[in-house]
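Geometric and topological summary
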Amino acid sequence: QKEVEQDPGPLSVPEGAIVSLNCTYSNSAFQYFMWYRQYSRKGPELLMYTYSSGNKEDGRFTAQVDKSSKYISLFIRDSQPSDSATYLCAMNPVGGSQGNLIFGKGTKLSVKP
Amino acid sequence: EPEVTQTPSHQVTQMGQEVILRCVPISNHLYFYWYRQILGQKVEFLVSFYNNEISEKSEIFDDQFSVERPDGSNFTLKIRSTKLEDSAMYFCASRDRTAGRGYTFGSGTRLTVV
């Protein structure tokens, strides 16, 4: 079983739709969970991070973590064409000061005007 | 907004040649990383660097790779003898002391080995 699984899509939605992006993981040691947005041929850009289980909201974005199910989600409300990008989930297996990120493969999102 | 700067944006090199990829992390960050992304694949961790030494490295980071922080600002990745399979986007990242804030990535260097 892969450490982090993410449906690669592509996912196409009309402008204004609510988008749901998800990842599952197998390592119960993960404590920090992040969502990155990556435009073509650019570096990942941090959108959201959460620690342990719960919800976090930032504008149109909501991140959810369910550690009991090993499942994380990113919701985008009122999606815009500028949200079209690849969304990567990432996790940190060490809660301390050092550690590397384990990424999902990314979901390619297209928001149509 | 502070950013991580990487140069060059694209480098083409012949197989067997040495390449040095350069990064200027955010100035008050303490932890530095290199990741790579082969076209169509996941972003993969290569190495982390803290307090002037490697703190963690992946299986990918074998003897042909090395990292240096030669002065207070630059952070470099050297590939001694490039192979075709080293062709990828290489991302530098840095973060501050607070765990969990996420990493700031640079825009990457596209390395093409021919």
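Structure: above.
Throughout what follows, the structure given in this document is the object of discussion. Computed from a prediction, not measured in an experiment: that's the story for all the values here.

Each helix and strand in chain B was counted, giving zero helices and eleven strands. Scaling as 2.2 N^0.38, a compact globule of 114 residues should have a C-alpha radius of gyration of about 13 Å, and chain B matches this with 13 Å. Expressed as lengths along the three principal axes of its C-alpha atoms, the size of chain B is roughly 40 × 25 × 25 Å. Long-range pairs, those at least 24 residues apart, make up 53% of the contacts in chain B between residues at least 6 apart in sequence.

Next up on the list: the interface of chain B and chain A. Listed per partner, the contact involves 24 residues of chain B and 23 residues of chain A. For the pair chain B and chain A, the interface holds zero salt bridges. The tally of links from chain B across to chain A stands at five residue pairs in polar contact (both at pLDDT 80 or more). Those elements that place two or more of their residues in the side of chain B that touches chain A are β4 (31-37), β5 (43-50), β6 (53-57) and β9 (88-95) of chain B. Among the elements that line the side of chain B that touches chain A, the one with the most residues is β4(B), at four residues. Residue classes in the side of chain B that touches chain A are distributed as eleven nonpolar, eight polar and five charged.

To continue, consider the environment of P8(B). Residue and element names in this part refer to chain B. Checked against the element boundaries, P8 lands in the loop between β1 (5-7) and β2 (10-13). Considering only alpha carbons, one finds P8 and R110, 102 residues apart in sequence, at a separation of 8.2 Å. When neighbours within four sequence positions are excluded, P8 is seen to be in contact with G108 and T109.

With an omega of 10°, the peptide bond running from G9(A) to P10(A) counts as cis. Tracing the sequence through the fold places P10(A) in the loop between β1 (4-6) and β2 (11-14). For the bond from T7(B) to P8(B), the omega torsion is -10°, close enough to zero to count as cis. In this structure, K70(A) takes a positive phi of about 55° despite not being glycine. With respect to the secondary-structure elements, K70(A) resides in the loop between β7 (61-66) and β8 (71-76). K70(A) sits in the partly exposed class, given a relative accessible area of 26%. For N51(B), which is not a glycine, the phi torsion comes out positive at approximately 55°.

Let us look at the state of the cysteines. Two cysteines, two sulfur atoms, one covalent bond between them: this is a disulfide. Evaluated as defined, the whole model comprises two disulfides over all chains. Between the sulfur atoms of C23(A) and its disulfide partner C89(A) the distance amounts to 2.0 Å. The sign of the S-S torsion, about -100°, decides the handedness of the disulfide formed by C23(A) and C89(A): left-handed. Residue C23(A) is located in strand β3 (residues 19-25), and its partner C89(A) is located in strand β9 (residues 85-92); the two are separated by 66 residues in the primary sequence. Taking the relative accessible area as the measure of exposure, C23(A) reaches 1% and is therefore buried. What makes C89(A) buried here is its relative accessible area of 0%. Through a disulfide, C23(B) is tied to C92(B); the S-S separation comes to 2.0 Å.

Rules behind the numbers
Residues numbered from 1 in each chain as written. Chains lettered and ligands numbered in written order. Predicted model: local features only at pLDDT ≥ 70, side-chain atom pairs only at ≥ 80, totals over all residues. Heavy atoms only, no water. Helix = DSSP H or I, 4+ residues; strand = E, 2+ residues; numbered from the N terminus. Rg over C-alpha atoms; globule rule 2.2 N^0.38 Å. Contact = heavy atoms within 4.5 Å. Salt bridge = Lys/Arg side-chain N within 4 Å of Asp/Glu carboxyl O. Polar contact = N/O pair within 3.5 Å; in protein donor to acceptor, adjacent residues only side chain to side chain. Nonpolar A, V, L, I, M, F, W, Y, C, P; charged D, E, K, R; others polar. Buried < 20%, exposed > 50% of the residue type's maximum accessible area, 1.4 Å probe, protein only. Disulfide = S-S within 2.5 Å.

Any link to function would need more than the numbers given here.
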